[in-house]
Amino acid sequence: MGRLFLISLEGKFYSCIYCQTHLARYEDIISKSFHCKHGKAYLFNNVVNVAVGDKEDRMMMTGLHTVTDTFCIGCGSVVGWKYDIAYEKNQKYKEGKVVLARFKLIGPDGSIYCVTNDVVGTGDMDDA
């Protein structure tokens, strides 16, 4: 394996809860109204320091999508998913965008999203 090159973000940003690798800028949030099985998730226009897995079709709350799991390149943890194809016309805005699970992130102010047993998944992802 070669040397790992990480992009450092400036300003307000989210980082991996496990290894503190910078992942996304606060300004790149498109929506905070997404959910995964452990609670909140945010849709980002741009992310850095991630790798993606294999494409797979998933039936989600908003219809069929082709998605790829998104991994932190610092530690390999799954931190969310990327929308590759949205089959519903009104979901096309998601294509190429990445959703990061809030419980996998350290917030711009150092905050951590706590997961409790009463959180019920209501959103688009079963694996995040």
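Residues numbered from 1 in each chain as written. Predicted model: local features only at pLDDT ≥ 70, side-chain atom pairs only at ≥ 80, totals over all residues. Heavy atoms only, no water.

### A look at the packing of aromatic side chains
(1) Moving on: The full count for this structure, using the stated rule, is four aromatic pairs.
(2) Moving on: The interplanar angle of 75° and the centroid separation of 6.3 Å between the aromatic rings of tryptophan 81 and tyrosine 83 together place this pair among those described as edge-to-face.
(3) Moving on: The class for tryptophan 81 is buried, based on a relative accessible area of 0%.
(4) Moving on: One aromatic cluster is present, formed by Tyr14, Tyr42 and Phe44 through successive ring pairs.
(5) Moving on: Over the ring of tyrosine 26 we find lysine 12; its NZ or CZ atom is 4.1 Å from the centre of that ring. (Phe/Tyr/Trp six-rings, centres within 6.5 Å; stacked < 30°, edge-to-face > 60°. Buried < 20%, exposed > 50% of the residue type's maximum accessible area, 1.4 Å probe, protein only. Lys NZ or Arg CZ within 6 Å of the ring centre and 35° of its normal.)

### Considerations on the environment of lysine 97
(1) Moving on: In this structure, lysine 97 sits in the loop between β8 (78-86) and β9 (98-101).
(2) Moving on: Between the C-alpha atoms of lysine 97 and phenylalanine 44, which are 53 residues apart in sequence, the distance is 6.0 Å.
(3) Moving on: With residues up to four places along the chain from it excluded, the contact list for lysine 97 reads Ile30, Leu43, Phe44, Asn45, Trp81, Lys82 and Tyr83. (Helix = DSSP H or I, 4+ residues; strand = E, 2+ residues; numbered from the N terminus. Contact = heavy atoms within 4.5 Å.)

### Thoughts on the environment of aspartate 84
(1) Moving on: With respect to the helices, strands and loops of the structure, aspartate 84 is situated in strand β8.
(2) Moving on: Each C-alpha atom of the pair aspartate 84 and lysine 97 lies 7.8 Å from the other, and the pair is 13 residues apart in sequence.
(3) Moving on: When near neighbours in sequence (up to four residues on either side) are disregarded, aspartate 84 contacts Lys55, Thr66, Val67, Thr68 and Glu95.
(4) Moving on: A polar side-chain atom of aspartate 84 sits 3.5 Å from a polar atom in the side chain of threonine 68. (Polar contact = N/O pair within 3.5 Å; in protein donor to acceptor, adjacent residues only side chain to side chain.)

### Section: the confidence of the model for the protein
(1) Moving on: Taken residue by residue, the protein gives an average pLDDT of 88. The fraction at 70 or more is 88%.
(2) Moving on: In the predicted structure, residues 118-128 sits below a pLDDT of 50 and forms 35 contacts with residues beyond four places in sequence or in another chain. (pLDDT = per-residue confidence, 0-100.)

### Describing the sheet that holds strand β10 (residues 105-106)
(1) Moving on: What the three strands build is an open sheet, ordered β2-β1-β10; its pairing is antiparallel. Of all strands in the sheet, those bounded by a partner on one side alone are β2 (22-25) and β10.
(2) Moving on: Taken together, the three bridges between strand β1 (residues 13-16) and β2 define a ladder with antiparallel strand orientation. The residue bridging serine 15 from the neighbouring strand is histidine 22, located in β2. (Pairing = 2+ DSSP bridges.)

### Considerations on a nonpolar patch on the surface
(1) Moving on: A surface patch of nonpolar side chains, about 370 Å² in accessible area, is lined by Met59, Leu64, Ile85 and Tyr87.
(2) Moving on: Looking at where leucine 64 falls in the secondary structure, it is placed in strand β7 (residues 63-72). (Patch = residues over 30% accessible without salt bridge, like charges linked within 9 Å, V, L, I, M, F, W, Y side chains within 5 Å. Areas by Shrake-Rupley, 256 points an atom, 1.4 Å probe, with all protein chains shown as cover. Salt bridge = Lys/Arg side-chain N within 4 Å of Asp/Glu carboxyl O.)

### A word on the nonpolar core
(1) Moving on: Counting residues in each nonpolar core, the largest one holds twelve residues, listed as Tyr14, Cys16, Leu23, Ala24, Ile29, Tyr42, Phe44, Cys72, Val79, Val98, Leu100 and Leu105.
(2) Moving on: Elements represented by at least two residues in this core include exactly β1, β2, β4 (39-44) and β9.
(3) Moving on: Each residue touching leucine 105, except ones within four places of it in the same chain, is listed here: Tyr14, Ser15, Ile17, Leu23, Leu100, Ser111 and Ile112.
(4) Moving on: Core analysis: the next-biggest nonpolar cluster, separate from the first, contains eleven residues, Leu43, Met60, Trp81 and Phe103 among them. (Core = buried A, V, L, I, M, F, W, Y, C linked by side-chain atoms within 4.5 Å.)

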